[in-house]
Amino acid sequence: VGNPTKEEVDNFQHVYTESKDEFCQRNNLSSKPIIAILAGSRKQEIKDNLPSMLEAARHFEDYQMVIAAAPSIKRSYYKKYLGDSEAKMVELQTYELLTHSTAALVTSGTATLETALLNVPQVVCYETPVPKLIRFAFKHIIKVRFISLVNLIADKEIVQELLADRFSIYNIANELYRILPGQPARERMLANYQIVRERLGDAVAPDNAARIMVEKLTSNIAQANIP
């Protein structure tokens, strides 16, 4: 039936006209290219993922790190995990931030799809407890092959998923380097994003779902001879 996120992103792109310079000036950011940090919307996700994401991104001195703060999380909570990082934060501006970002580190969730639809190369990061057990489960028990919406929709690995035993500062930094400008992996990822767009289609997802439900209900009623 598609996904409502596509319509939300499309609507945003139709009306958003702010330049990168204007965005940076309004949010007291520098003029450096941006690496967006989307560390999740729950406290546990932020606690588990943000420190490693920041540590990996700090190796890229030509870039500035900007965190998309979740609206339900106070800034004081983020500050506990910033350490000596110079990362800045923006609130209620995730789409604006991604629009002007060169690359992104993203905790798995809807944000992975938003990042893809806004055409930003990304690395998906998700730390888990007992990582070796989680990897065993993925190999032998869990039926799905991927955790990110981007890969699930495309049914192929478009973005790198660093979870369980693959989650490390070294791996995050290495994969981030591979999607920066001038790297072949960046162009492959951007090209493959088109698969996601095509699979989602142009239908308005809630309307499409409602239409299918009505058709099926009508068909079932007719088959049951219910007046």
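Going by the structure above, here's the rest.
Residues numbered from 1 in each chain as written. Predicted model: local features only at pLDDT ≥ 70, side-chain atom pairs only at ≥ 80, totals over all residues. Heavy atoms only, no water.

Colleague: Help me understand the packing of helix α1 (residues 4-15) against helix α6 (residues 110-117), please; the structure alone is not making it clear to me.
Modeller: Each pair of packed helices gets described by two things: the angle between the helix axes and the distance between those axes. Where α1 contacts α6, the two axes come as close as 10 Å, and the packing angle between them is 45°. The angle between α1 and α6 falls in the class oblique. Along this stretch, α1 crosses α6, giving a crossing that reads as right-handed. Contacts between α1 and α6 pair Thr5, Lys6, Val9 and Gln13 from the former with Thr110, Leu113, Glu114 and Leu117 from the latter. When its residues are assigned to classes, the contact of α1 with α6 shows 3 nonpolar, 3 polar and 2 charged. (Axes fitted to C-alpha atoms, helices over the stretch in contact; angles between N-to-C directions. Helix = DSSP H or I, 4+ residues; strand = E, 2+ residues; numbered from the N terminus. Parallel < 35°, antiparallel > 145°, perpendicular 65-115°, else oblique. Left-handed = near helix turned anticlockwise from the far one by under 90°. Contact = heavy atoms within 4.5 Å. Nonpolar A, V, L, I, M, F, W, Y, C, P; charged D, E, K, R; others polar.)

Colleague: Even after reading the chapter, I still don't get the environment of Lys6, so can you show me in this structure?
Modeller: For Lys6, the location among the structural elements is in helix α1. Lys6 has contacts with Leu117, Arg197, Leu200, Gly201 and Asp202, leaving out every residue within four places of it along the chain.

Colleague: Teacher, can you tell me more about the pairing of strand β5 (residues 122-126) here?
Modeller: Each regular strand displays side chains that alternate between the two surfaces of the sheet. Most of β5 sits out of view: 4 of its 5 residues are buried. Both strand β4 (residues 101-107) and β5 contribute to a ladder of 4 bridges, which runs parallel. Considered in β5, the bridge of Ala104 is made with Gln122. Taken together, β4, α6 and β5 form a β-α-β motif whose crossover is right-handed. (Buried < 20%, exposed > 50% of the residue type's maximum accessible area, 1.4 Å probe, protein only. Pairing = 2+ DSSP bridges. Right-handed = clockwise from strand over helix to strand, strands pointing away.)

Colleague: Any chance you could explain the pattern of salt bridges here in plain terms?
Modeller: If charged atoms from side chains of opposite charge come close, those side chains can pair. Taken as a whole and assessed by the stated rule, the structure comprises 10 salt bridges. For the salt bridge of Lys6 with Asp10, the shortest nitrogen-to-oxygen distance reads 3.2 Å. Of this pair, Lys6 and Asp10 both sit in helix α1, separated by 4 residues, roughly a single helical turn. On the basis of relative accessible area, Asp10 is assigned to the partly exposed category, the value being 28%. (Salt bridge = Lys/Arg side-chain N within 4 Å of Asp/Glu carboxyl O.)

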